[in-house]
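Coordinate inspection notes
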Amino acid sequence: MSNTAPPDTPNTYRSGPDERGHFGIYGGRFVAETLMPLILELEEAYERAKADPEFHAELKHMLVHYGGRPSPLYFAERLTQELGGAKIYFKRDELNHTGSHKINNCLGQILLARRMKKTRIIAETGAGQHGVAVATVAARYGLPCVIYMGCVDIERQAPNVFRMKLLGAEVHQVTAGAGTLKDAMNEALRDWVTNVHDTYYIIGTAAGPHPYPEMVRDFQSVIGEEVRVQMMEAEGRLPDTLVACIGGGSNAIGLFHPFLDDKDIAIYGVEAGGLGLGNPEEHCASMNGGKPGVLHGNRTYLLQNDDGQIIEGHSISAGLDYPGVGPEHSWLRDTGRVNYVAVTDAEALEAFQLCTRIEGIIPALEPSHALAHVQKLAPTLPADNLLVMNLCGRGDKDVFAVAKHLGVEM
Amino acid sequence: MTTRIDKRFAALREKGRAALVTFTTAGDPDYETSLALLKALPGAGADIIEMGMPFSDPMADGPAIQASSQRALKAGQTMKKTLRMIREFREGDQDTPLVLMGYYNPIYVYPVEGFIGDCIEAGVDGLIVVDVPPEQDDELCIPALEAGLNFIRLATPTTDAKRLPAVLENTSGFVYYVSIAGITGTAAPDTGEVHGAVARIKMQTELPVAVGFGVKTPEQARAIAAGADGVVVGSALVNALKASLDENDRPGAATVSSVTDLVRGLAEGLASSQTATVK
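Reference entry: report on the structure contained in this document.

Criteria and thresholds
- Throughout this document, residue positions are counted from 1 along each chain, in the order its sequence is written.
- For this description, chains carry letters from A and ligands carry numbers from 1, given in the order in which they are written.
- Restriction of local features to residues with pLDDT of at least 70 applies here, the model being predicted, together with a cutoff of 80 or more for giving and counting side-chain atom pairs; totals for whole chains, interfaces and linings are based on all residues.
- As a convention, hydrogens and water are excluded, and side-chain values are obtained from all of the structure's heavy atoms.
- Throughout, a residue-residue contact means that at least one pair of heavy atoms, one from each residue, lies within 4.5 Å.
- The quantity reported as buried area is the accessible area (1.4 Å probe) lost by two parts once they are put together, taken as the sum for both.
- As used in this structure description, the phrase polar contact means that two N or O atoms lie within 3.5 Å; if the pair is within protein, one of them must be able to donate a hydrogen and the other to accept it, and residues adjacent in sequence are counted only when both atoms belong to side chains.
- The way it works is that DSSP assigns letters per residue, a run of H or I at least four long becomes a helix, a run of E at least two long becomes a strand, and they are numbered from the N terminus.
- Throughout, the ten residues Ala, Val, Leu, Ile, Met, Phe, Trp, Tyr, Cys and Pro are labelled nonpolar, Asp, Glu, Lys and Arg are labelled charged, and all others, Gly among them, are labelled polar.
- By definition here, a salt bridge exists when the distance from a side-chain nitrogen of Lys or Arg to a carboxyl oxygen of Asp or Glu is within 4 Å.
- Partly exposed describes any residue whose relative accessible area lies between the buried limit of under 20% and the exposed limit of over 50%, with all areas from a 1.4 Å probe on protein chains only and scaled to the type maximum.
- The convention used is that axes are lines fitted to C-alpha atoms, helices contributing only their stretch in contact, and that angles between N-to-C directions extend from 0 to 180 degrees.
- Roughly parallel refers to an angle under 35 degrees, roughly antiparallel to one over 145, roughly perpendicular to one between 65 and 115, and oblique to any angle outside these ranges.
- Note on convention: the crossing is left-handed when the near helix lies turned anticlockwise from the far helix by less than a right angle, right-handed when the turn is clockwise.
- Comment: arc refers to directions from the helix axis out to C-beta atoms.

1. Section: the interface of chain B and chain A
- Between chain B and chain A, the contact holds 36 residues from the first and 35 residues from the second.
- Note on chain B versus chain A: buried area summed over both sides is about 2800 Å², and carbon and sulfur give 50% of it.
- At the boundary of chain B with chain A, the tally comes to 20 residue pairs in polar contact (both at pLDDT 80 or more).
- Only α3 (63-74), α5 (104-108) and β6 (154-155) of chain B provide two or more residues apiece to the side of chain B that touches chain A.
- Of the residues forming the side of chain B that touches chain A, the biggest block, 4 residues, is contributed by α5(B).
- By residue class, the composition of the side of chain B that touches chain A is 19 nonpolar, 10 polar and 7 charged.

In structure tokens form, the structure reads like this:
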């Protein structure tokens, strides 16, 4: 799987990025000059906020009282019995307000936008989970909000489109390219460059120009920090195995980052294998089937052809349907600290049904990918192996799409 | 080192005329038509030629240039073909400066060193790469300068006085002033504001300043040229080309002339204005 020589093992995996926003060779700030002053302003504002206890207090308050944190760490007893092997816990981030981990980041960023005195919010969305979370915090703070969403995603995630509109957001349909997340992000960047003076762009994943990958990771790290405490309470020790799905990778980096220096913990990131890794147009596994490149402000693994043109890819899950990945994941891949694997649409669909039937939890199609890997992994591990899977979103939004895939008329 | 770009600006300065910089996308709508157009541009009045290297995700471009990139890629254009096109052009033209414009990823995977070498060999004079800011200069800008290419940087309405020196530091050939905060081919720039911004840039550099983004008509070009060393016209040319294609994006007999006619009009506009303003 690896075509890159592993660099020297670093002393810590948690010190990145450097002052120019690099994780090894990945990350950086590859944006047009129009945006550059704003990116620097954002970095300064974030550094100030990070050092300000009031910012942390306000964010904590909102995460608890508005977002519903901490989310439970739940022992999935029946799934554990069914698979036979590791003791499986779900981090229940699907129970957050708006139904996914996306709210963690959106609350952090909207507080920052307010500090920067920005009066208009924009965002891209794939599955619509990020769009809903952005529309939600924009409503909460009374800011106008424009969400860019690909036309294909608008069709397969209709309930979320309606939710965003109810919340007062303007949803702009993007028809360029394949009409999915990448194209929505291009369009959001075009909006931003045109409206830099008053607009804050809430990027939904741990990708984009520095400081976004670091900032989004920091806001999502509440997931892993809670797991550390909760697992100590439940089992008296830290977990042995972590599993999360990877689109851009924000839920995964949020779970992984607080554990990266606990070197005995095995960590798995699960990419969308689509119809299989054989054809680059039929999956979204950028780290398993792509190579390093530069897109959307950062260097990272990308699905691309030999000429450097970006390939659209495919996934059953709109939230994973992105040809890139956050730069920190690219670095963690090359260093070998995290194992990045892929599962197919069919495997994810099967895991979706299994979880629903035996745990009574309808997972989103995104974490269904993580679950499909747990199905493979757990039986190979001993019964005292504590495995935590991030159940980062709920599947209400997906029931129509799943029905269609299963051939059910609704 | 004096480059083709330096020589051209010096010659135009003597004539008291601003440069007309034309942008078209390499390979739009296909290789042969695009090459024929490229060869016809100097005769129509293009002083400096900017060729777009098509990219699947042109984030700084408006709908017209996005579509032109898509047409070129669909017709099979690649980075190698773009460089071959320039080699063919140089067989008949040793004087007209030619600048490649695009995004970093296709250069990065080319990879950088090979790309710069092939540019020099093909007869490229300069590069404009939208998504490599001064903060990433060691990636591409410095190696390109060392190899003898000009690296033309964009300055924008958001580039403030504090930042401008960083933008100018490794810029050569000319400075490309982006007249609006936005994407190509959309809002029309305010001439007064543009002239003020160009004057502020020229206080800090000896380099010529060309203005682009949103310049569509000979009248606009003439007005902008009164306070700048060059005017870049792109989306308007790309739109003229698009209008000459059939419903399957195939070129017609008038495809090349639809663009060169417009270029001729723009060039005449610039020539007439400058004789008035220069005395």
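There is more to say after this.
2. Some points on the pattern of salt bridges
- The full count for this structure, using the stated rule, is 39 salt bridges over all chains.
- The closest approach of N and O atoms between A:K182 and B:D57, which form a salt bridge, is 2.6 Å. On the criterion of chain membership, the pair formed by A:K182 in helix α8 (residues 181-194) and B:D57 in the loop between β2 (48-52) and α3 is interchain, its members lying in two chains. We note that A:K182, like B:D57, is buried.
- A salt bridge links A:D240 to A:R237; its shortest N-O distance comes to 3.1 Å.
- For A:D240, a relative accessible area of 22% translates into the label partly exposed.
- Through salt bridges with shared partners, a single ionic network connects A:R69, A:K91, A:D93 and A:E226.

3. Points about the packing of helix α1 (residues 36-50) of chain A against helix α9 (residues 212-220) of chain A
Residues and elements named next belong to chain A.
- For the pair α1 and α9, the least separation of the axes is 11 Å and the interaxial angle reads 30 degrees. The orientation of α1 with respect to α9, classified from their angle, is roughly parallel. The two elements α1 and α9 cross, and the hand of that crossing is left-handed. Where α1 approaches α9, its residues L42, Y46, E47 and K50 are matched on the opposing element by Y212, E214, M215, D218 and F219.
- For the contact of α1 with α9, the class distribution of residues is 5 nonpolar, no polar and 4 charged.

4. Section: helix α7 (residues 158-166) of chain A
All names here are of chain A.
- Turning to α7, its buried residues are N160, V161 and M164. Projected down its long axis, α7 carries its buried residues within an arc of 105 degrees, all on one side. Within α7, the exposed residues directed more than 90 degrees away from the buried face are F162 and L166.
- Against the buried residues of α7 lie β5 (120-125), α5 (129-141), β6 (145-150), α6 (151-156) and β7 (170-174).

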